[in-house]
Amino acid sequence: MISIHFVLLFAAGALAFWLLGGVLCRLGGLLCVAAGALGMAFSPGAEALLFLALGTAIWLAGHWHYALRRQRFKNPLTRYVFCRWAPAWLDPTRSWAVAVVPERSESQPRRRRRAR
């Protein structure tokens, strides 16, 4: 039997993550990337490289969360990463902006632009 306290705590945690998750992930990821970069500078090793990779993943997760909430990316770098490198199902903005173009029938000629 699930306690009501557990359900309320889970709901409060989910709400807090929805409201603050993007900011916390972006800041936490940035701090991990900085720590990994400093670690690589002072004592290069696998630990520093792992910290750098995990920080990058957390930072990207924060930007993904931001894009999921606001239907736009925070900066051009993350838009490039999610729209060019990542699979299409990872892009949270792919189906939000659909161009509305009226269909032309074949009887309507194309309009030509005048040369200047």
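Above: the structure in question.
Residues numbered from 1 in each chain as written. Predicted model: local features only at pLDDT ≥ 70, side-chain atom pairs only at ≥ 80, totals over all residues. Heavy atoms only, no water.

1. Some details on helix α3 (residues 76-85)
Now for step 1: Regarding α3, the residues found buried are Thr78, Val81 and Phe82. All buried residues of α3 lie within an arc of 85° about the axis, which places them on one face of the element. Opposite its buried face, α3 presents the exposed residues Pro76 and Arg84, each directed more than 90 degrees away.
Now for step 2: Its buried side turned inward, α3 meets α2 (46-70). (Buried < 20%, exposed > 50% of the residue type's maximum accessible area, 1.4 Å probe, protein only. Helix = DSSP H or I, 4+ residues; strand = E, 2+ residues; numbered from the N terminus. Arc of directions from axis to C-beta. Contact = heavy atoms within 4.5 Å.)

2. Details of the environment of tryptophan 64
Now for step 1: With respect to the secondary-structure elements, tryptophan 64 resides in helix α2.
Now for step 2: Judged by relative accessible area, tryptophan 64 falls into the partly exposed class, the value being 31%.
Now for step 3: Spatially, the C-alpha atoms of tryptophan 64 and threonine 78 are 8.2 Å apart, while their sequence positions differ by 14 residues.
Now for step 4: If sequence neighbours within four positions are ignored, tryptophan 64 has contacts with Phe82, Leu90 and Pro92.

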